[in-house]
Amino acid sequence: MELLLNNFGSVNKYLLRFSKYHKVRTANIRNYSLSSLDDNSTTAKLSATADPTTDLATSGQKAQHKRTQNSLHIAVIGVPNAGKSTFINNLINHRVCPTSSKVHTTRKSSKAIYTTGQTQLVFYDTPGLVTPREIKRHNLEQSFKSAYKHAIQHADIIACMHDVSNSWTRNALHSTVIETLNEYKHLPSFLILNKIDALRSKRVLLELIRVLTNNTINTTQSVGNKNQRRQYKRIEESNDKPVTNSEDKKDVSWSNFQEVFLVSSITGSGLNDIQDYLTRVAKERSWEYSKGSFTDEKPEALIVESVRARLLDYLPQEIPYNLHSAIEYFSEENGTIYASVEVTCPSARIERLICGESNGKLRQITERVTSDLVETFGKPISLTISTRSKKTE
Ligand SMILES: Nc1nc2c(ncn2[C@@H]2O[C@H](COP(=O)(O)OP(=O)(O)OP(=O)(O)O)[C@@H](O)[C@H]2O)c(=O)[nH]1
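Residues numbered from 1 in each chain as written. Predicted model: local features only at pLDDT ≥ 70, side-chain atom pairs only at ≥ 80, totals over all residues. Heavy atoms only, no water.

1. Concerning the overall build of the protein chain
Next, step 1: Counting its secondary structure elements, the protein chain contains 12 helices and 13 strands.
Next, step 2: For the protein chain, the residues scored as buried account for 53% of the 393 residues in total.
Next, step 3: Within the protein chain, contacts between residues at least 6 apart in sequence are counted, and of these 74% link residues at least 24 apart.
Next, step 4: Here the protein chain displays about 18500 Å² of accessible surface, and carbon together with sulfur accounts for 48% of that area. (Helix = DSSP H or I, 4+ residues; strand = E, 2+ residues; numbered from the N terminus. Buried < 20%, exposed > 50% of the residue type's maximum accessible area, 1.4 Å probe, protein only. Contact = heavy atoms within 4.5 Å. Areas by Shrake-Rupley, 256 points an atom, 1.4 Å probe, with all protein chains shown as cover.)

Here's what the structure looks like:
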């Protein structure tokens, strides 16, 4: 079965959404200008007009001396669904890491690049840390477990993402996270408490900081920047009651975090503080990527991963984990991307489920992926998703 969606009619709607997305996210950071995908390159690019200080250097009023370049490689680790990809996309103001409401959306380590002023931040989005049992249950590739190692080995610092919205798991760092931090304890690390928007009581956060850092971060004194301390103070002054005891729990905590940040990756709250922190600690080192690069992934790979992410969102339970998506066709002509992806299903029954009545579900999925990809590439895309089944009934 095949469904072709010609999206030229609706592409303006997507471009409008795209520019809104960028304007909102970049309001107080910098101005963006979109440029086309670099025809000669295999990486997706947008050009960004960086902050005014850099513009000055490149305009007629060139700086007297050559400015140094700084860079920092950050491995973002955490359990599946902690919000790692959402965090990176919103921090770099660009959708390069596919996200979904299901676990294991990210399957391999990928890079997202953000350049501001003299500093280039290179984020490694890593697959959620998993146990061998989870690898089996979700039919994950064996390379899954080791993918984060590659990222950490290239990192200067580890960002440890922790989901505070889940009251069952938030009071402890997962054992796989502690194991990883231990294994790479020579690297500095910081803790990100994510999804604070989902909390009714913010009071719980102070207690969590104490528990998860083994009481090593003092929320009332010199740790953190002014904003963070103000945030901690506001929480302290609220009337809510703490929910846990503050006794030391070494097996659920890590004592060597250098900073703790409270963020909502989805609303963008707190992300500027992290950006400032990373810029401050960046090393004097030449940039690896040109100023306009946002990822080193090939556009074809971004397309396939975006299809996979939306299949995870639209299909129930374990079904999407047993599908295989592959690019069939990719080209770019006159500023428009043409792509076709084939989804192989384990049976005709599953294929019918994906397509839905009169192909309605497949059309919905295709529209959603198209919208995501317009945000990714900043240009129209004509996308076809076709399905086939391994077995007929
Ligand atoms: N409420 C809320 N939801 C969030 C936040 N950040 C991420 N999410 C949601 O959490 C889910 C998982 O987000 P992802 O960014 O895909 O998580 P991940 O850690 O990359 O997941 P894996 O690929 O499984 O490792 C998605 O449904 C996001 O919309 C947040 O700050 N607040």
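Further notes follow.
2. A word on helix α12 (residues 360-377)
Next, step 1: The terminal C-alpha atoms of α12, which comprises 18 residues, lie 26 Å apart, in line with the 26 Å expected from a rise of 1.5 Å per residue.
Next, step 2: Listed as buried for α12 are Leu362, Ile365, Thr366, Val369, Thr370, Ser371, Asp372, Leu373, Val374, Glu375, Thr376 and Phe377.
Next, step 3: Of the residues trailing α12, Gly378 is marked for its positive phi of about 70°. (Expected span 1.5 Å × (residues − 1).)

3. Some thoughts on the environment of Asp156
Next, step 1: Structurally, Asp156 is set in the loop between α5 (143-153) and β7 (157-163).
Next, step 2: Residue Asp156 is classed as buried on the basis of its relative accessible area, which comes to 14%.
Next, step 3: Between the C-alpha atoms of Asp156 and Lys283, which are 127 residues apart in sequence, the distance is 8.8 Å.
Next, step 4: With near-sequence residues (within four places) excluded, Asp156 lies in contact with Ser71, Leu72, His73, Leu187, Pro188, Lys283 and Arg285.
Next, step 5: Of note is the side chain of Asp156, whose polar atom sits 2.7 Å from the backbone nitrogen of His73.
Next, step 6: A distance of 2.7 Å separates polar atoms of two side chains, one belonging to Asp156 and the other to Arg285. (Polar contact = N/O pair within 3.5 Å; in protein donor to acceptor, adjacent residues only side chain to side chain.)

4. Observations regarding the site of the ligand
Next, step 1: As a matter of local geometry, the ligand sits amid 21 residues, with Lys84, Thr86, His104, Thr106 and Asp197 nearest to it.
Next, step 2: In the model, an oxygen atom of the ligand is placed 2.6 Å from a nitrogen or oxygen of the Thr86 side chain.
Next, step 3: Between an oxygen atom of the ligand and a main-chain N or O atom of Ser100, the distance comes to 3.4 Å.
Next, step 4: With the chains in place, 88% of the 650 Å² that the ligand exposes on its own is no longer accessible.
Next, step 5: When residues in the shell around the ligand are grouped by element, the largest group, three residues, is from helix α3 (residues 84-91). (Near = heavy atom within 4 Å.)

5. Considering the side chain of Glu305
Next, step 1: Relative to the helices and strands, Glu305 resides in helix α10 (residues 299-314).
Next, step 2: In contact with Glu305, not counting residues within four places along its chain, are Pro98, Thr105 and Arg107.

6. Side note on the environment of Leu121
Next, step 1: Relative to the elements of secondary structure, Leu121 occurs in strand β6 (residues 119-125).
Next, step 2: Taking relative accessible area as the criterion, Leu121 reaches 0% and is therefore assigned buried.
Next, step 3: Along the sequence, Leu121 and Leu72 sit 49 residues apart, while their C-alpha atoms lie 5.1 Å from each other.
Next, step 4: Those residues within four positions of Leu121 in sequence are excluded, and the remaining contacts are Leu72, Ile74, Ala112, Ile113, Tyr114, Leu278 and Thr279.

7. Regarding the nonpolar core
Next, step 1: Ranked by internal contacts, the top residues of the largest apolar core, which has 35 residues, are Ile152, Leu181, Leu191, Leu193 and Leu205.
Next, step 2: Sorting the residues of this core by element identifies β4 (70-77), β6, α5, β7, α6 (175-183), β8 (189-194), α7 (203-212) and β9 (257-262) as the ones contributing at least two each.
Next, step 3: Core analysis: the second largest hydrophobic core is formed by 27 residues, Ala82, Leu91, Ala159 and Ile274 among them. (Core = buried A, V, L, I, M, F, W, Y, C linked by side-chain atoms within 4.5 Å.)

8. Details of the packing of α10 against α12
Next, step 1: Two elements in contact, α10 and α12, have axes whose closest approach is 9 Å; the angle formed by their N-to-C orientations is 135°. For the element pair α10 / α12, the angle class is oblique. Here the hand of the crossing between α10 and α12 comes out right-handed. Contacts between α10 and α12 involve Pro299, Leu302, Ile303, Ser306, Val307, Arg310, Leu311 and Tyr314 on the former and, on the latter, Lys361, Gln364, Ile365, Arg368, Val369, Asp372, Leu373, Thr376 and Phe377.
Next, step 2: Residues belonging to the contact of α10 with α12 are distributed by class as follows: 10 nonpolar, three polar and four charged. (Axes fitted to C-alpha atoms, helices over the stretch in contact; angles between N-to-C directions. Parallel < 35°, antiparallel > 145°, perpendicular 65-115°, else oblique. Left-handed = near helix turned anticlockwise from the far one by under 90°. Nonpolar A, V, L, I, M, F, W, Y, C, P; charged D, E, K, R; others polar.)

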